[in-house]
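What follows is each chain in one-letter form.
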Amino acid sequence: MLDYIKGFIELIKGLGITGKHLGMHAVTLQYPEEKDVMPERSRGVVVLLSDKEDGSLNCTGCLLCMKACPTAAIIIDAPRGEDKKRVLKKFELDFTLCCYCGLCEEACNFSALKLTGKYEYSTGDKDDLLWDVNKLQDVGRDVDYEDKRRKKVAKKPAKPVVDANAKVEDKPAKAVEIKPTESADDTKPKTEGEA
Ligand code: SF4
Ligand code: SF4
């Protein structure tokens with residue numbers, strides 16, 4: 001009998017808790033119709049970033065991210081060309097190995113790689129988790145990022161371009177300006193008087 005009374009009391013308690021939350025908003029989201037906003041520094045899929053102006057890959061093939069990856073999830077083939085610059089021939093990321101540690105992003109000096117808030121890439125086929133350079137770039141195209149690389153790159157080409165143009169244009173300009181002021185009678189008294 002005592003057990004029945006205890007059970008009845010617990011039932012009333014449970015109904016009270018249910019009634020208390022009846023008028024409240026639901027805590028859970030109706031995924032996939034509703035999605036939570038991921039924090040800015042959340043660690044979802046890794047993507048390759050593109051130049052904000054011409055859309056080309058920021059990656060220089062320096063291999064630093066591959067060397068920093070503790071699980072060997074990044075595979076890069078980027079041999080040096082005749083000008084000794086690396087040519088990116090292959091960039092793959094195996095998400096079956098990636099542990100989303102972020103060390104690759106930290107190692108990259110060229111704003112070329114980033115962990116994003118994207119996470120909806122589950123699949124039943126593990127081959128789908130080996131992403132090539134095109135997929136890594138496509139998924140990263142709408143990812144915003146701070147372009148630390150641009151400041152360094154913009155300074156280097158500016159010098160030779162400006163100097164080369166200045167040499168060609170300055171020569172004829174000086175010759176034209178000197179001719180009309182060649183009347184010696186006008187120029188000499190002015191300079192002497194000022195002296
Ligand atoms: S997040 Fe970590 S495990 Fe994944 S690719 Fe980058 S360095 Fe490798
Ligand atoms: S993603 Fe960055 S660190 Fe990795 S190879 Fe490209 S430029 Fe180098």
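It should be emphasised that the depicted structure is a prediction, and the values quoted were computed from it without experimental measurement. Numbers given for residues are sequential positions, taken from 1 along each chain in its written order. Following the order in which they are written, the chains are lettered starting with A and the ligands numbered starting with 1. Only residues with pLDDT of at least 70 get local features here, since the model is predicted, and only at 80 or more are side-chain atom pairs given and counted; chain-wide, interface and lining totals rely on the full set of residues.

Visitor: Before we move on, can you summarise the overall build of the protein with the specific residues and values?
Guide: Each helix and strand in the protein was counted, giving 6 helices and 5 strands. For helices the rule is a DSSP run of H or I covering at least 4 residues; for strands it is a run of E covering at least 2, with both sets numbered from the N terminus onward. Along its sequence from the N terminus, the protein presents helices and strands in the succession α-β-α-β-β-α-β-β-α-α-α. Think of it this way: build a C-beta for each residue from its backbone, and any pair within 7 Å is a contact. The long-range share in the protein, meaning contacts at least 24 apart out of those at least 6 apart in sequence, stands at 70%.

Visitor: Quick rundown of the site of ligand 2? Include the residues and the values.
Guide: Among the 13 residues in the neighbourhood of ligand 2, the closest are listed as Cys-59, Cys-62, Cys-65, Cys-108 and Ala-112. Of the residues belonging to the shell around ligand 2, the class tally is 11 nonpolar, 2 polar and no charged. By definition, a residue lies near a molecule or strand provided its backbone-derived C-beta atom is within 6 Å of it. Under the scheme applied here, ten amino acids are nonpolar (Ala, Val, Leu, Ile, Met, Phe, Trp, Tyr, Cys and Pro), four are charged (Asp, Glu, Lys and Arg), and all others, including Gly, are polar.

Visitor: Please provide a residue-by-residue account of the site of ligand 1, values included.
Guide: Inspection of the region around ligand 1 gives 14 residues, with Cys-69, Cys-98, Cys-101, Leu-103 and Cys-104 positioned closest. Partitioned by chemical class, the residues of the shell around ligand 1 number 12 nonpolar, 2 polar and no charged.

Visitor: Give a detailed account of the sheet that holds strand S3 (residues 90-94), specifying residues and quantitative values.
Guide: For two strands to count as paired, DSSP must find a minimum of two bridges between them. Strand order in this open sheet of 3 strands is S2-S3-S5, and the pairing throughout is antiparallel. Each end of this open sheet is capped by a strand with a single partner; those strands are strand S2 (74-77) and strand S5 (130-131). As paired strands, S3 and S5 are joined by 2 bridges and run antiparallel to one another. The residue of S5 that forms the bridge with Leu-93 is Trp-131.

Visitor: Talk me through the nonpolar core; I want residue IDs and the actual numbers.
Guide: Soluble globular proteins: nonpolar side chains tend toward being buried together. Any nonpolar core is a set of buried residues, restricted to Ala, Val, Leu, Ile, Met, Phe, Trp, Tyr and Cys, that join up through C-beta atoms within 7 Å. Exposed residues have 12 or fewer other C-beta atoms within 10 Å of their own C-beta, buried residues have 20 or more, and residues in between are partly exposed; the C-beta atoms are placed from the backbone. Within the largest apolar cluster, 22 residues are counted, with the highest numbers of intra-cluster contacts made by Val-46, Leu-48, Ile-74, Leu-93, Cys-104, Ala-112 and Leu-113. Secondary structure elements with two or more residues in this core: strand S1 (46-48), S2, S3 and strand S4 (113-115). Among the elements that take part in this core, S1 stands out by supplying 3 residues, more than any other. Once residues lying within four places of it in the same chain are set aside, the contact partners of Ala-112 are Leu-48, Leu-49, Leu-57, Asn-58 and Cys-59.

Visitor: How would you sum up helix H4 (residues 133-140)? Please name residues and give values.
Guide: The α-helix winds at 3.6 residues per turn, so residues separated by three or four positions along the chain end up facing the same way. Along H4, the residues classified as buried are Leu-136, Gln-137 and Gly-140. Down the axis of H4, the smallest arc covering the buried residues is 95°, so these residues share one side. What the arc describes is the spread of directions from the helix axis to the C-beta atoms.

Visitor: Report on the pairing of S2, specifying residues and quantitative values.
Guide: Burial along S2 is one-sided: the face carrying Ile-74 and Ile-76 is buried and the face carrying Ile-75 and Asp-77 is not. Of the pairings in the sheet, the one linking S2 to S3 comprises 4 bridges and is antiparallel in character. Within S3, the residue paired with Ile-75 across the bridge is Glu-92.

Visitor: An account of unusual backbone geometry is requested, with residue identities and associated values reported.
Guide: Residue Pro-32 follows Tyr-31 across a cis peptide bond; omega there is 10°. Tracing the chain through its elements places Pro-32 in the loop between helix H1 (2-21) and S1. The phi angle at Tyr-100 is positive, at roughly 55°, despite the residue not being glycine. A positive phi is found at Ser-111, a non-glycine position, where the angle reads about 45°. Position of Ser-111 relative to the elements: it lies in the loop between helix H3 (103-107) and S4. Given 18 C-beta atoms within a 10 Å radius, Ser-111 is considered partly exposed.

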